[in-house]
Amino acid sequence: MAKGFFLHVLKGPWFMVFSSFIIMSTAGTPYAFGLYSNVVKSVLGYDQSTLNLISFFKDVGTNVGVLSGFIAEVTPPWFVLLIGAVMNVVGYLMIWLSVTQKIAKPQVWMMCLYIGLGANSTAFANTGAMVTCIKNFPASRGVVLGLLKGYVGLSGAILTQLYHAFYYNDPKALILLVGWLPAAINVAFAPFIRLMKVDRQSNELKVFYNFLYITLGLAGFLLVMIVIEQKVSFTQREYGGSAAVVLFLLFLPLGIVIIEEFKLWRSKRLALSDGSQLQVITDKTKTETNPSLPQASPLSVDLLLEPSTEKPVSCWKNIFSPPARGEDYTILQALFSVDLLILFYTVISGVGGTLTAIDNLGQMGTSLGYSPQSISTFVSLVSIWNYLGRVMAGLVSELLLKKYKMPRPLMLTIILLVACIGHLLVAFHTPGGLYVASVIIGFCFGAQWSVVFTTISEIFGLKYYSTLYNFGSVASPIGLYILNVIVTGHLYDKEARKQLAALGLVRKAGQALNCTGVHCFRLSFIIIAAVTLSGALVSIILVLRTRKFYKSDIYKKFQEEAKVAEKELAFAGH
């Protein structure tokens, strides 16, 4: 009996959700770049433009997950996760070997390849775990996506705590940690991630809220530890105690999983033992012998068996004839739709801007005179508020949609406007202003992703969501290249060379190029704020286009499917 229940838990939908939480809690390895970017820059002798180019390829790897989407269409989720694990180990291990100088100094293009490969494993984790969860719980997708993306947001702070516990204050060892830990977790939990027909439970949303309360507790603990670690110097053993609490809170949802799976297990056993199967057989016999019911004629059977002579419509012919919003678009119909093009631009301007700020946190802190401990705090704050943005945007937009029929893209407009404030705080820095800016930028970064991905699933359907989800992510590195490499990196190096010239110095070959003062990032973040504002204005067009769609019951189809499934289960005796 105990063995049967244990196997039931491992195969159950709630354990699959828990496994997804654990995988996503270490899937945000690219967000730790700010902690070791200064080491990469100093050891390998890069200027800011070169470092930003490497950062760009990191974000290309993170967000260009089209390959993982295509693979997920034809292979099971566990296979997608295993591919991601291999990529993670290979990519980050090569970076670690380069920074520790165990191999010859690599060419810049090789470093771009290594970090792109390692970061692309995140896309495989997202596709393998998160997309599977959303397909299994379509009617609760807003909360599910917010929770899972929330864990990704927290992963930067989680990895920081584990890094200090394992390696104390060795930034080079952090690269090794982000190489082996996520890969090990993917391999361990991949067998439990699979598509399944989940019977919608009456308390489904309540269970997800219980998960949310635990993650809020985890975020709260991490935030408290960030504040304490900023004021008090911790030993490695004390970091170990903090990491132990983090691990406890990470595995606490397992208690909810066991409770919910026990309810399902007990209901199935009761259904099998109450004689309902005998009743179904009796009813079936009566139905078969009831003369009042119409019988299938031989002609109708022949028509069913006869192969269709109707030619399939070419996917190219119906590109510009998409179905109604909410129905399943083909990949090409979605890619050529105005709605996706608008979302694409908002991601370029909004996510591109916030990601530029996140990737330059280390350099911004150094140029403005903050200590390494403060820079670590910025990274952790971004991680915490990234989580809160992902969770709260998903939760709040879901509540506003259900209660007031507010179009979800309107939430995106509001988020982009708030992000402009964070960028301007960086541009016109005041003492301590980077703390506030990191909170705003982290929150808006996470919130944008949660709203964008949920909107894609609602407008274009779930049939090809694995691929469309990753196409939506492609816009991010485009914005990052323009705003980070071309704008921010160029203006930073220009200011740094001006400062060198004022001191009468000349940069030596292989020497890092550094800039100090508020002017290093001022002009670039004024430009970023203006671009983000343009994204907010463009998103209003999508609000107007989808207003009628969001006034309707967009989840009606899934509710009807759930009722049909319940009837089927009733006749099958569970």
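These lines cover the structure that appears in this document, whether it is placed above or below. Only a predicted model underlies this, so the values are computations on that prediction, with no experimental measurement involved.

## Observations concerning the packing of helix 16 (residues 338–359) against helix 20 (residues 433–460)
Argument step 1. Two elements in contact, helix 16 and helix 20, have axes whose closest approach is 9 Å; the angle formed by their N-to-C orientations is 160 degrees. Comparing their axes, helix 20 and helix 16 come out roughly antiparallel. In the packing of helix 16 onto helix 20, the handedness of the crossing is left-handed. In contact with Asp 339, Leu 340, Leu 343, Thr 346, Val 347, Gly 350, Val 351, Thr 354, Leu 355, Ala 357 and Ile 358 of helix 16, helix 20 contributes Ile 441, Cys 444, Phe 445, Gln 448, Trp 449, Val 452, Thr 455, Ile 456, Ile 459 and Phe 460.
Argument step 2. For the contact of helix 16 with helix 20, the residue count by class is 15 nonpolar, five polar and one charged.

## Quick look at helix 20
Argument step 1. The terminal C-alpha atoms of helix 20, which comprises 28 residues, lie 40 Å apart, in line with the 40 Å expected from a rise of 1.5 Å per residue.
Argument step 2. One or two positions beyond helix 20, positive phi appears at Gly 461, with a value near 80 degrees.

## Quick notes on the pattern of salt bridges
Argument step 1. Enumeration according to the criterion identifies seven salt bridges in this entry.
Argument step 2. Here Glu 458 ties to Arg 408 by a salt bridge, and the two come within 2.5 Å at their closest N and O atoms. Remark: Arg 408 occurs in helix 19 (residues 408–427) and Glu 458 occurs in helix 20; sequence separation between them is 50 residues. Of the two residues, Glu 458 and Arg 408, neither departs from the other in class, the shared state being buried.
Argument step 3. The closest approach of N and O atoms between Glu 495 and Lys 498, which form a salt bridge, is 3.7 Å. Remark: Lys 498 and Glu 495 occur in helix 21 (residues 465–502); sequence separation between them is three residues, near one turn of the helix.
Argument step 4. A relative accessible area of 17% means that Glu 495 is categorised as buried.
Argument step 5. Via salt bridges that share partners, Lys 58, Asp 59 and Asp 359 belong to a single interconnected network.

## Description of a nonpolar patch on the surface
Argument step 1. There is a patch of nonpolar side chains on the surface, built from Leu 417, Leu 533, Leu 537, Ile 540 and Leu 544 and spanning about 450 Å² of accessible area.
Argument step 2. If you tally residues by element for the nonpolar patch, the top one is helix 22 (residues 522–551), at four residues.
Argument step 3. With respect to the helices, strands and loops of the structure, Leu 544 is situated in helix 22.
Argument step 4. Since its relative accessible area comes to 52%, Leu 544 is described here as exposed.

## What about the state of the cysteines?
Argument step 1. The full count for this structure, using the stated rule, is one disulfide.
Argument step 2. Each disulfide pairs two cysteine sulfurs, and for Cys 515 the partner residue is Cys 520, the sulfurs being separated by 2.0 Å. Handedness of the Cys 515-Cys 520 disulfide follows from its S-S torsion of about -90 degrees: it is left-handed. The same class applies to Cys 515 as to Cys 520, namely buried.
Argument step 3. There is no disulfide at Cys 444, and the cysteine sulfur nearest it, in Cys 420, is 8.8 Å away.
Argument step 4. Of the residues examined, Cys 444 reaches a relative accessible area of 1% and is grouped as buried.

What counts, and at which threshold
- Residues numbered from 1 in each chain as written.
- Predicted model: local features only at pLDDT ≥ 70, side-chain atom pairs only at ≥ 80, totals over all residues.
- Heavy atoms only, no water.
- Axes fitted to C-alpha atoms, helices over the stretch in contact; angles between N-to-C directions.
- Helix = DSSP H or I, 4+ residues; strand = E, 2+ residues; numbered from the N terminus.
- Parallel < 35°, antiparallel > 145°, perpendicular 65-115°, else oblique.
- Left-handed = near helix turned anticlockwise from the far one by under 90°.
- Contact = heavy atoms within 4.5 Å.
- Nonpolar A, V, L, I, M, F, W, Y, C, P; charged D, E, K, R; others polar.
- Expected span 1.5 Å × (residues − 1).
- Salt bridge = Lys/Arg side-chain N within 4 Å of Asp/Glu carboxyl O.
- Buried < 20%, exposed > 50% of the residue type's maximum accessible area, 1.4 Å probe, protein only.
- Patch = residues over 30% accessible without salt bridge, like charges linked within 9 Å, V, L, I, M, F, W, Y side chains within 5 Å.
- Areas by Shrake-Rupley, 256 points an atom, 1.4 Å probe, with all protein chains shown as cover.
- Disulfide = S-S within 2.5 Å.

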